[in-house]
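Examining the three-dimensional arrangement
Residues per chain, in single letters:
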Amino acid sequence: MKRINIFFNRTLRCAVMLLFLLALFCSLPVYAQQDCDIKTGKQQNEWLVKVNLDSSIMLKDSLNIFLQTFKFNNYRDKGVTKARADLQLSKGNKCGEIWVAIHGVNGKKEETATISFWEKYKFQLKSFDYNSVIILVSKKVD
């Protein structure tokens, strides 16, 4: 009787641990796909999103944005700066790659942004940090 009791105690502990891990594993996709976007209020289908290097973000309409690489160049002798973000995009079974950039001149506030398009979306690099970028994503209304 004592052996059976010990067996059931061990089995019960393992079963509870297994159920806990299973529940945790099943809940991960829900948290990974939470809305991470910030609506800008300018248009109905416009988002201002922050994406960290080597990570992705998913918008409400299932557009996945992955920041693959980020490059920043400062040509002091010419006074020119350039920041470029290479993005991998996916939605459903469609995938693509684009890049967005900002060009500027040291000492001047004016900057020129390179706008890229993919499917029905427009992307523009708004600002950047050492390991992250802020991108304005606009969706064309059908």
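Everything in this summary refers to the structure shown in the same document. (Residues numbered from 1 in each chain as written. Predicted model: local features only at pLDDT ≥ 70, side-chain atom pairs only at ≥ 80, totals over all residues. Heavy atoms only, no water.)

1. Some details on the nonpolar core
Ranked by internal contacts, the top residues of the largest apolar core, which has 23 residues, are V49, L63, I65, L87, F123, I135 and V137. Of all the elements in the fold, those that place two or more residues in this core are β2 (46–52), β4 (64–75), β5 (80–91), β6 (94–105), β8 (121–128) and β9 (132–139). (Core = buried A, V, L, I, M, F, W, Y, C linked by side-chain atoms within 4.5 Å. Buried < 20%, exposed > 50% of the residue type's maximum accessible area, 1.4 Å probe, protein only. Helix = DSSP H or I, 4+ residues; strand = E, 2+ residues; numbered from the N terminus.)

2. What about the environment of T112?
Secondary-structure assignment places T112 in strand β7 (residues 111–118). Of the residues examined, T112 reaches a relative accessible area of 51% and is grouped as exposed. Along the chain, T112 and L125 lie 13 residues apart, while their C-alpha atoms are 10.0 Å from each other. Those residues in contact with T112 that lie beyond four places of it in its chain are A101, I102 and H103. (Contact = heavy atoms within 4.5 Å.)

3. A closer look at the pattern of salt bridges
Between side chains of opposite charge, a pair can form when the charged atoms approach closely. Tallied over the full model, the rule gives 4 salt bridges. With a shortest N-O distance of 3.7 Å, K91 and D61 are connected by a salt bridge. Here the residue K91 occupies a position in strand β5, and D61 occupies one in the loop between β3 (56–58) and β4, the gap between them amounting to 30 residues. Among the residues examined, K91 registers a relative accessible area of 27% and is labelled partly exposed. (Salt bridge = Lys/Arg side-chain N within 4 Å of Asp/Glu carboxyl O.)

4. Notes on the packing of aromatic side chains
Going through the model one piece at a time under the given rule, you end up with 3 aromatic pairs. A centroid spacing of 5.4 Å and a plane angle of 40° characterise the contact between F70 and F128, whose relative ring orientation is tilted. Of this pair, F70 sits in strand β4 while F128 sits in strand β8, placing them 58 residues apart in sequence. Judged by centre distance (6.3 Å) and plane angle (40°), the rings of Y121 and F123 are tilted. Side by side, Y121 and F123 carry an identical accessibility label, which is buried. (Phe/Tyr/Trp six-rings, centres within 6.5 Å; stacked < 30°, edge-to-face > 60°.)

5. Observations concerning the side chain of Q124
Tracing the backbone shows Q124 in strand β8. For Q124, a relative accessible area of 17% gives the class buried. The contacts of Q124, once residues within four sequence positions are left out, are V100, A113, T114, I115, I134, I135 and L136.

6. Concerning the pairing of β6
As paired elements, β5 and β6 share 12 bridges and run antiparallel to each other. The partner of R84 across the bridge, within β6, is A101. The antiparallel hairpin formed by β5 and β6 contains 2 residues in its connecting segment, where G92 sits at a positive phi of about 65°. Pairing geometry for β6 and β7, over 4 bridges, is antiparallel. In the sheet register, A101 faces β7, and the bridge partner there is T114. (Pairing = 2+ DSSP bridges.)

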